[in-house]
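# Architecture and fold: a report
So the chains spell out like this:
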Amino acid sequence: MGYFELIRQRRYEEFCKIYREKARLCRTMPEKYGDVLPGNYMYALLGLGKCAELIPVCQEQIQLEREASVKFDRSSNYFWNGLSIACLQLGQYGEMAEAIRSAVKAAYQDLSRTESPCLMYWEAVIAGDEALKKDAKRLLRTRLRAKGAAAPDFASARFLLEKIGEAELRQELRLIEIEALYFRALAPAVFSIAVKRLEHGDAAGFQATLKEVQGLYSQNPIVTMTFAYYLAELRLTGSSGRFFP
């Protein structure tokens, strides 16, 4: 059993303890500690709601990527995304906006390059940042001009821009035949539905749909590999002390 299984089982404290003790062995003993990675540590800290602790972890990894970008750009959106979520939860909206704007510029992103722009849209609505939402819409429109934008990978982007409705969004995702990939796409899609409800003034619908995202865990714990799952957990539990709405 790999150590990521601890995160799938939501045994976040155990993973954090192992990370702090064994992370240095990730490269020298990959057969045993290959998944004791900073990215998985980020998930564990999000799961624990330790956003203040997560910020320096993300900043350190971002700096390491910068230092490695001598011959070519090695930046990724991964830790920028995590940093923006931590800042959102702590009410640091200016830092949140700066982080997510850096995320969408990173060289390495998901194949459709829509994960960070969707996250930007979510955070803009939650934080009430109209300028950031405008930027998110512009980026999403750009992404939808890419070749293959009719694929299910782009469904959440199309939904946020109101090119498709909720029923159509869910229907498109059912075209994904591999169960793990389906649930990894479903969690952010349902979170997008929640955000749209909040955007339209339906706070109760927002909270109810967050609970739907949270409930996906019981169907497939692979959702612990999505930012949407942790955002739903954080917003529902008020782990940062700033429950919204």
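Everything in this summary refers to the structure shown in the same document. Just so it is clear, the model here is predicted, and its values are computed rather than measured. (Residues numbered from 1 in each chain as written. Predicted model: local features only at pLDDT ≥ 70, side-chain atom pairs only at ≥ 80, totals over all residues. Heavy atoms only, no water.)

### Some points on the nonpolar core
Put simply, the test is: To form a nonpolar core, buried Ala, Val, Leu, Ile, Met, Phe, Trp, Tyr and Cys residues must be joined to one another through side-chain atoms within 4.5 Å. Three labels apply to residues, based on accessible area from a 1.4 Å probe with only protein chains included: buried if under 20% of the type maximum, exposed if over 50%, partly exposed otherwise in between. What makes two residues a contact is simply this: any of their non-hydrogen atoms within 4.5 Å.
Within the largest apolar cluster, 89 residues are counted, with the highest numbers of intra-cluster contacts made by F15, L46, L54, L83, W122, L173 and F191. Beyond its immediate chain neighbours, meaning those up to four positions away, W122 contacts L160, P188, F191, S192, V195, A228 and L231.

### Focus: the packing of aromatic side chains
Our working rule: For Phe, Tyr and Trp, rings pair up if their centres lie within 6.5 Å, where Trp contributes its six-membered ring, and each pair is then called stacked (planes under 30 degrees apart), edge-to-face (over 60) or tilted (otherwise). Strands are runs of DSSP state E lasting at least two residues, helices are runs of H or I lasting at least four, and both sets are numbered from the N terminus onward.
Using the criterion set out here, one finds 12 aromatic pairs in the structure. Plain terms: the ring middles of Y19 and Y41 are 4.1 Å apart, the flat faces sit at 10° to each other, and that makes the pair stacked. In this pair, Y19 is assigned in helix 2 (residues 12–22) and Y41 in helix 4 (residues 38–48), connecting sequence segments 22 residues apart. When sorted by exposure, Y19 lands in the same class as Y41, which is buried.

### Focus on the environment of L37
Position of L37 among the secondary structure elements: in the loop between helix 3 (30–33) and helix 4. The class for L37 is partly exposed, based on a relative accessible area of 35%. In this structure the C-alpha to C-alpha distance between L37 and S116, which are 79 residues apart in sequence, comes to 21 Å. If near-sequence neighbours (up to four positions away) are discounted, L37 is found in contact with F15, Y19 and C26.

### Some words on the environment of E60
Looking at the element boundaries, E60 is found in helix 5 (residues 51–68). Residues E60 and A208 lie 148 residues apart in sequence; the distance between their C-alpha atoms is 36 Å.

### Remarks on the side chain of N77
Formally: Residues adjacent in sequence count toward polar contacts only when both atoms are side-chain atoms; beyond that, a polar contact is any pair of N or O atoms within 3.5 Å, and within protein one must be able to donate a hydrogen and the other to accept it.
Looking at the secondary structure, you find N77 in the loop between helix 5 and helix 6 (78–89). Overall, N77 belongs to the buried group, its relative accessible area being 5%. In terms of polar contacts, N77 uses its side chain to reach the side chain of S116, at 2.9 Å. Dropping the residues within four chain positions of it, N77 is found in contact with A103, A106, Y108, Q109, D110, E115 and S116.

### Some thoughts on the pattern of salt bridges
Just so we agree on the cut-off: Any Lys or Arg side-chain nitrogen located within 4 Å of an Asp or Glu carboxyl oxygen qualifies as a salt bridge.
Applying the stated criterion across every chain yields a total of 14 salt bridges. The shortest N-O distance in the salt bridge between R11 and E14 comes to 2.8 Å. Put simply, E166 and R170 hold a salt bridge, and the shortest N to O gap is 3.3 Å. Taken as a pair, E166 and R170 lie in helix 11 (residues 166–173) at a separation of four residues, close to a single helical turn. One continuous salt-bridge network, built from bridges that share partners, spans E130, K133, E162, K196 and E199.

### Quick look at unusual backbone geometry
Of note in this structure, R10 is not a glycine but carries a positive phi near 60°. Along the chain, R10 falls in the loop between helix 1 (4–8) and helix 2.

### Looking at helix 8 (residues 115–127)
Working note: α-helix, 3.6 residues per turn, so residues spaced by three or four point in the same direction. In plain terms, the rule: The length a helix should cover is 1.5 Å for every residue beyond the first.
With 13 residues, helix 8 extends 18 Å from end C-alpha to end C-alpha; this agrees with the ideal 18 Å at 1.5 Å per step. Within helix 8, 12 of the 13 residues are buried, which leaves the element mostly enclosed by the surrounding structure. Elements in contact with the buried residues of helix 8: helix 6, helix 7 (93–103), helix 9 (130–143), helix 10 (155–160), helix 12 (179–199) and helix 14 (227–237). Immediately downstream of helix 8, the backbone of G128 shows phi near 70°, a positive value.

### Quick word on the side chain of N220
Of note, N220 is situated in the loop between helix 13 (203–215) and helix 14. Setting aside its immediate chain neighbours within four residues, N220 contacts E179, A180 and F183.

### Overview of the packing of helix 4 against helix 14
Definition in use: Angles here are taken between N-to-C directions and fall from 0 to 180 degrees, while the axes themselves are lines fitted to C-alpha atoms, restricted in helices to the stretch in contact. These descriptions rest on fixed angle ranges, namely under 35 degrees for roughly parallel, over 145 for roughly antiparallel, 65 to 115 for roughly perpendicular, and the rest for oblique. In a left-handed crossing the near helix is turned counterclockwise from the far helix by less than a right angle, and in a right-handed crossing that turn is clockwise. Gly counts as polar in this scheme, as do all residues outside two lists: the nonpolar Ala, Val, Leu, Ile, Met, Phe, Trp, Tyr, Cys and Pro, and the charged Asp, Glu, Lys and Arg.
Two numbers describe how helix 4 lies on helix 14: the axes approach to 9 Å, and their chain directions differ by 20°. Taken together, helix 4 and helix 14 sit at an angle that is classed as roughly parallel. Handedness of the helix 4/helix 14 crossing: left-handed. Only F227, Y230 and L234 of helix 14 make contact with helix 4, whose side of the interface consists of M42, Y43, L46 and G47. Within the contact of helix 4 with helix 14, the residues separate by chemical class into six nonpolar, one polar and no charged.

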